[in-house]
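Take a look at the letters that make up each chain.
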Amino acid sequence: MLTAQENKDLTSVMPGTPMGELFRRYWHPIAAAAELDDRPTKAVRVLGEDLVLYKDKSGTLGLIDRFCPHRRVDLSYGIPEEHGLRCMYHGWMMDETGQCIEQPFEETVHPDGRFKEKVKVAGYPVESYGGLVFAYLGPQPAPLLPHWETFEWEGGWSDIGIVELPCNWLQCMENSMDPVHLEWLHGYWGVRQQQDKAVRLGLAEADSFPTVPRRHQKIGFDVFDYGLIKRRVVEGTTEEDHDWKVGHPVLFPNVLFVGSVVNCTLQYRVPVDDTHTMHITWFFYRAADGAEPPKQEKVPYWYVNLYEPDGTLIPDLVNHQDFVAWITQGPNAEREKEKLGESDRGIILYRKVLKEQAGIVQDGGEPMGVVRDPEVNKRIDLPLERWQALSDVTWMTRYMPLQQGEPPELVSTIEQVLSTWAGEKPWTEAQATLNQ
Ligand code: FES
Ligand SMILES: [Fe+2]
């Protein structure tokens, strides 16, 4: 149990707070790169700061203060020029460092004036990679943007799902260190939700789905170079199964990496502020060996639906079941009222690591997992369960959406990629140890 103050210290990401400073040592995705092709400005709130992301006509990306330094209008309505973002109100223009580079009327009246040189707003580095735009809001020199192996994979297809959740980021991350919720939230309640819907739609008889999940027998956790790993043994599996042997990594401080050799997700839980989280999921679908996936010029994005038409949270897809748990804990869960048990060992470890790493930053050090070596960053391999999904080819070739709202044309492309596995023999564990 934490005190209310400890809870605040563990969850607030505002500038100057322990977690705010820790999060400002890592790169965070703030948009899909393709969003800027559709509209060249995007209002972004991240780590409690109001910013605007834009792409100017020369293709340079900028992330600067959202409000014009002149009289504070919203620059997400501004005009991207050849180099810089121009305010629509009186034409002042800022470059990607936040420096004011034009003040049309001031320059007419005082051609030799130096007013604009004294006007500068925040401007943060951004980088486009893997179809995402990442930002770094911390002190210079910025570390390298990590090149997780996923972004270097070939022979597959990816897209990006984006949704803003009305809850603090820590609720999302604690769920990723909580193996037992799989059994109840997904295996029991979630299956019932799916069954109820199928019955309502006349697609199934009542009680036709199994609702007895396999019970967890053992859970375990480790810290590794880039984060933490959670492991489980459930009824019918052993410590030789990949669920225990490999486990699922959480990339510190706020990314879940989960999946199999056929498909995977990187789920970024980016703090918007202390009561909102931008959930950005990078999905990857691999084609069978030797099959050609569809050509992909850009990584498409879509906005995830969170609510049913009646205003309740969507419950019947796996990631939405997690969303329900996180959101219903409240805007910021009252941890001073919680009662932790054996199933919460991973959460206790994660909180301890967060505090330790925030302490390192406060002492002027570098926290875990920050990448500065270009050699290391050529491709950072991660633990990933390989063989389990491949033991049932029928199941793998079927697309099962994790989040709702994906446009039908993207669904049919994914189905095309997954169909390449039809007719494959189930892999043995030995084959599956091959990288990728
Ligand atoms: S408010 Fe932006 S130029 Fe005047
Ligand atoms: Fe979950």
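Residues numbered from 1 in each chain as written. Chains lettered and ligands numbered in written order. Predicted model: local features only at pLDDT ≥ 70, side-chain atom pairs only at ≥ 80, totals over all residues.

> I tried to follow the pairing of strand S12 (residues 156-165) on my own but got confused; where do I start?
A regular strand carries its side chains on alternate faces of the sheet. Burial analysis of S12 places eight of its ten residues in the buried class, the great majority of the element. Two strands pair when backbone bridges link them, and S12 and strand S18 (residues 276-286) are joined in this way by ten bridges, in the antiparallel orientation. By the bridge assignment, Ile160 is partnered in S18 with Trp282. Two elements, S12 and strand S19 (residues 301-303), share three bridges in a ladder whose sense is parallel. Across the sheet, the residue bridging to Ile160 is Tyr301, located in S19. (Buried ≥ 20, exposed ≤ 12 C-beta atoms within 10 Å, placed from the backbone. Helix = DSSP H or I, 4+ residues; strand = E, 2+ residues; numbered from the N terminus. Pairing = 2+ DSSP bridges.)

> How should I be thinking about the domain arrangement of the protein in this particular structure?
It is common to give the size of an interface as the accessible area lost on bringing the parts into contact. Taken domain by domain, the protein comprises domain 1 (28-135) and domain 2 (149-432). A C-alpha centroid distance of 34 Å is found between domain 1 and domain 2. Listed per partner, the contact involves 14 residues of domain 1 and 15 residues of domain 2. For the side of domain 1 that touches domain 2, the secondary-structure elements that each account for two or more residues are strand S1 (28-32), helix H3 (33-38) and strand S2 (41-46). Among the elements that take part in the side of domain 1 that touches domain 2, S1 stands out by supplying four residues, more than any other. Of the residues belonging to the side of domain 1 that touches domain 2, the class tally is eight nonpolar, four polar and two charged. (Domains from an automatic or database assignment. Contact = placed C-beta atoms within 7 Å. Nonpolar A, V, L, I, M, F, W, Y, C, P; charged D, E, K, R; others polar.)

> What exactly am I supposed to notice about the pairing of strand S15 (residues 248-251) here?
Where burial is concerned, the two faces of S15 agree: the one with His248 and Val250 and the one with Pro249 and Leu251 are both buried. Bridge count between strand S14 (residues 227-234) and S15: four bridges; the pairing is antiparallel. Bridging from a neighbouring strand, Ile229 pairs with Pro249 of S15. Where S15 lies against strand S16 (residues 255-259), two bridges are found, and the strand directions are antiparallel. Paired with Leu251 across the two strands is Val255, which belongs to S16. In textbook terms, the turn of a hairpin is the stretch between consecutive antiparallel strands, and for S15 and S16 this stretch comprises three residues.

> Sorry if this is basic, but what is going on with helix H6 (residues 169-176) here?
In an α-helix, one turn spans 3.6 residues; hence positions three or four apart end up facing the same way. Burial of H6 is extensive: seven of the eight residues sit out of reach of the surface. Turning to H6, its buried residues number three or more, namely Trp169, Leu170, Gln171, Cys172, Met173, Glu174 and Ser176.

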